[in-house]
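# Observations on the three-dimensional arrangement
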Amino acid sequence: MNLFDTTKIKNLELKNRFFKAATWEALADEDGHITEELYAIYDELTKGGAAAVITGYSYVTKDEKPNPGLMGIYDDVFIDEYRRMTENAHENGAGIFLQIVYGGSNTGLNPPSRKIFGPSAVTNIKTGITPVEMTAADIKEMVQAFADAAVRAEKAGFDGVEIHGAHGYLLSMFMCPKYNIRTDEYGGTTENRARFICEIITAIKKAVSDDFIVMIKQNSSDCFEGGLTSEDSLEMSKLFEQAGVDVIDVSGGNSAGENVSQNDLGPSRKSAARGVEYESYFLEHAKKLAEEIDIPVILTGGNRHFEVMDEILNHTKIRYFALGRPLIREPGLFSRWESGDLTAPLCISCNACNNVHGKRCIFNQ
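Residues numbered from 1 in each chain as written. Predicted model: local features only at pLDDT ≥ 70, side-chain atom pairs only at ≥ 80, totals over all residues. Heavy atoms only, no water.

## Considerations on the overall build of the protein
Filter applied, for reference: Numbering of helices and strands runs from the N terminus, with a helix taken as a DSSP run of H or I at least four residues long and a strand as a DSSP run of E at least two residues long. The globule rule is 2.2 Å times the number of residues to the power 0.38, and the radius of gyration it is compared with is taken over C-alpha atoms. Relative accessibility under 20% of the residue-type maximum defines a buried residue, over 50% an exposed one, and the middle range a partly exposed one, all with a 1.4 Å probe and only protein chains included.
A tally of regular secondary structure across the protein gives 10 helices and 14 strands. Scaling as 2.2 N^0.38, a compact globule of 365 residues should have a C-alpha radius of gyration of about 21 Å, and the protein matches this with 19 Å. In terms of overall dimensions, the protein has a C-alpha envelope of 55 × 40 × 40 Å along the principal axes. Taking all 365 residues of the protein together, the buried fraction comes to 61%.

## Structural notes on the pattern of salt bridges
Where side chains of opposite charge bring their charged atoms close, a pairing between them can arise. Note the following rule: Put simply, a salt bridge is a Lys or Arg side-chain nitrogen that is within 4 Å of an Asp or Glu carboxyl oxygen.
This model, assessed by the stated rule, comprises 16 salt bridges. Measuring nitrogen to oxygen at the nearest pair gives 2.9 Å for the salt bridge that ties Arg-193 to Asp-232. A residue pair is termed long-range when its members are at least 10 positions apart, and Arg-193 in helix α5 (residues 190-207) and Asp-232 in helix α6 (residues 230-243) qualify at 39 residues. Neither residue differs from the other here; Arg-193 and Asp-232 are each classed as buried.

## A look at the packing of aromatic side chains
Test applied: For this analysis, a ring pair means two rings from Phe, Tyr or Trp (six-membered ring only for Trp) whose centres lie within 6.5 Å, classed as stacked if their planes differ by under 30 degrees, edge-to-face if by over 60, and tilted for the remaining angles.
Per the stated rule, a full pass over the model turns up 17 aromatic pairs. Between Tyr-102 and Phe-117 the ring centres are 6.3 Å apart and the planes differ by 35°, which places this aromatic pair in the tilted class. Remark: Phe-117 occurs in strand β8 (residues 117-118) and Tyr-102 occurs in the loop between β7 (95-101) and β8; sequence separation between them is 15 residues. Phe-117 shares its class with Tyr-102; the two are buried. Ring plane angle 50° and centroid distance 5.9 Å describe the contact between Phe-334 and Trp-337, whose orientation is recorded as tilted.

## Things to note about empty space enclosed by the protein
For clarity, the cut-off: Residues are said to line a cavity or pocket when one of their atoms sits within 4 Å of a point; the points come from a 1 Å grid over protein atoms alone, cavities being sets where a 1.4 Å probe fits but cannot get out and pockets being open sets with protein on both sides within 12 Å along at least five of seven lines. Grid points are joined across faces, edges and corners, and a volume is the space filled by probe spheres set on the points. Residues are grouped as follows: Ala, Val, Leu, Ile, Met, Phe, Trp, Tyr, Cys and Pro are nonpolar; Asp, Glu, Lys and Arg are charged; all remaining types, including Gly, are polar.
On inspection of all chains with the given rule, the structure shows four cavities of 30 Å³ or more. Size it by volume and the largest cavity reaches roughly 100 Å³. Along the walls of the largest cavity sit 13 residues, with Arg-329, Cys-347, Cys-350, Cys-353 and Cys-361 positioned nearest its centre. The residue makeup of the lining of the largest cavity, split by class, is nine nonpolar, two polar and two charged. By volume, the second largest cavity is sized at about 90 Å³. Secondary structure elements with two or more residues in the lining of the second largest cavity: α1 (36-46) and α9 (325-329). Residue composition of the lining of the second largest cavity, grouped by class: five nonpolar, two polar and four charged.

## Comments concerning the side chain of Gln-218
So the rule is basically this: A 3.5 Å cut-off defines polar contacts: any pair of N or O atoms within that distance qualifies, except that in protein one atom must be a possible hydrogen donor and the other a possible acceptor, and neighbouring residues in sequence count only when both atoms are side-chain atoms. Contacts are assigned to residue pairs with any non-hydrogen atoms lying within 4.5 Å of each other.
Inspection of the secondary structure puts Gln-218 in strand β11 (residues 213-219). A relative accessible area of 2% means that Gln-218 is categorised as buried. A polar contact is formed between the side chain of Gln-218 and the side chain of Ser-237, at a distance of 2.7 Å. Once you skip the residues sitting within four places of it in the chain, Gln-218 turns out to touch Gly-165, Ala-166, Met-175, Ser-233, Met-236, Ser-237, Phe-240, Ile-248, Asp-249, Val-250 and Ser-251.

## A closer look at the pairing of β7
Let me state the cut-off plainly: One requirement defines pairing of two strands: DSSP has to find at least two bridges between them.
Of all seven residues in β7, seven are buried, a share of seventy percent or more. Burial of the side chains of β7 extends over both faces: Gly-95, Phe-97, Gln-99 and Val-101 are buried on one face and Ile-96, Leu-98 and Ile-100 on the other. Where strand β4 (residues 52-54) lies against β7, three bridges are found, and the strand directions are parallel. Its bridge partner being in β7, Ile-54 is matched across the sheet by Phe-97. Relative to strand β10 (residues 160-165), β7 runs parallel, the two being bridged by four bridges. Bridge pairing in β10 links Gln-99 to Glu-162.

## Some thoughts on the layout of surface pockets
Estimated volume of the largest pocket: approximately 1200 Å³. Taken together, 46 residues make up the lining of the largest pocket; nearest its centre are His-167, Tyr-169, Pro-267, Ser-268 and Asn-354. Put simply, the parts of the chain that give the lining of the largest pocket at least two residues each are β14 (320-323) and α9. Counted by class, the lining of the largest pocket contains 14 nonpolar, 24 polar and eight charged residues.

See below:
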C-alpha cells in the first residue's frame, strides 16, 4: 500500500490518504459568517494536495460558541455562504468536511456565552465555568441541532460532517466520568455516557443522504486521572459504529483536566518536533481501534515524517492520516511529497500560530 493510493470512503474518491485536520482560524465575523480571509485560506488548503480538508469547527446553536471567530452552521442562511467554499474545494480536486460542535464549559470565549450546557454541573478546572446540567429535553433539542447542521452542510455541498467529540467540548464531556456524574440513562456506564453521541449520529444518518459521510473526532483518552480511558474509548467507538458513523478520527487530550496543558498532553503537542519517537502520539490507541472496528480510522496528532506514516500504513490497519499545524506553515506539503520531495514538514510544532491573526505560521509573516 502507498500513501498516494486512490481510495474511496462510501462514494467519495480520495486521491491519497491525507486529510487536513481541523484547526480554528478565528476569522469568522461575530455571528459566524464566513469572511474573505476564510475563503482564501480554504482555497489555498484545497489546492495543496490533501485528499480532503476538514474545516475548523462550526457551532450548531446560535446562543453558544466555544471560541471567538468561529464559523456558524446554526441557520439556513449559512448554506449559500458555504456553497462557495465547497465548490472551490471540489474544483481544486479535494473533498471537504464541515466539523460541527457545541462547546460547553471548555470555552475560550471571554465573556463566555450566556448559558452553557454540560452533562453535569461540574466546574471546569481550566475555565472555572460551571455549566447547566442538560435535561432530557435539552438533550433532545441538541440532537436535533446537530442533525439540522448536518442537513445544512449537505445542502451546501460538503462531502460530510465531522462531529467534534474530543478535546473537552460538550460531547467529550459526556464521555468523561469526571465531568459526567449523571445517574440517568446518559451517565454512569460506558454505554450510557456514549448514548447522547449515538443519538446524534443516528439522527444525522436519518436526516442526510446515504452518500453523505458522517465522521466523529474522538479522544483516545482524556490524558488525566478520572477522565476517559483508552479502554472506554474503544468500547464507545464500537457503539458509534453500530449507530452508523462512517469514520473515526482519533485524537486525544482534554484540557479540562489537571496537568494536561502543563505536561504537553493535549492534541497539539510541542514534543512532535523532537524526533520520530515523539510523532503520531495517539498511534497505539488508533492501532487497536483499527483492529476492532470495520470502518476507516484516521490517525491525527503529531504526524510528521512520510516514512513513519508509510510504516504505519503497511503494518497496521490504519488507512488515513490527518495533519494540522504542518499545513498551516506549508499548505502545499502533500503536493511537495507527491512530487518526490519527502523531507519532513517545516513545522517545528511551536504552537506560536495560536497567537497570530488567522492562526497563521509566524515564519510566513
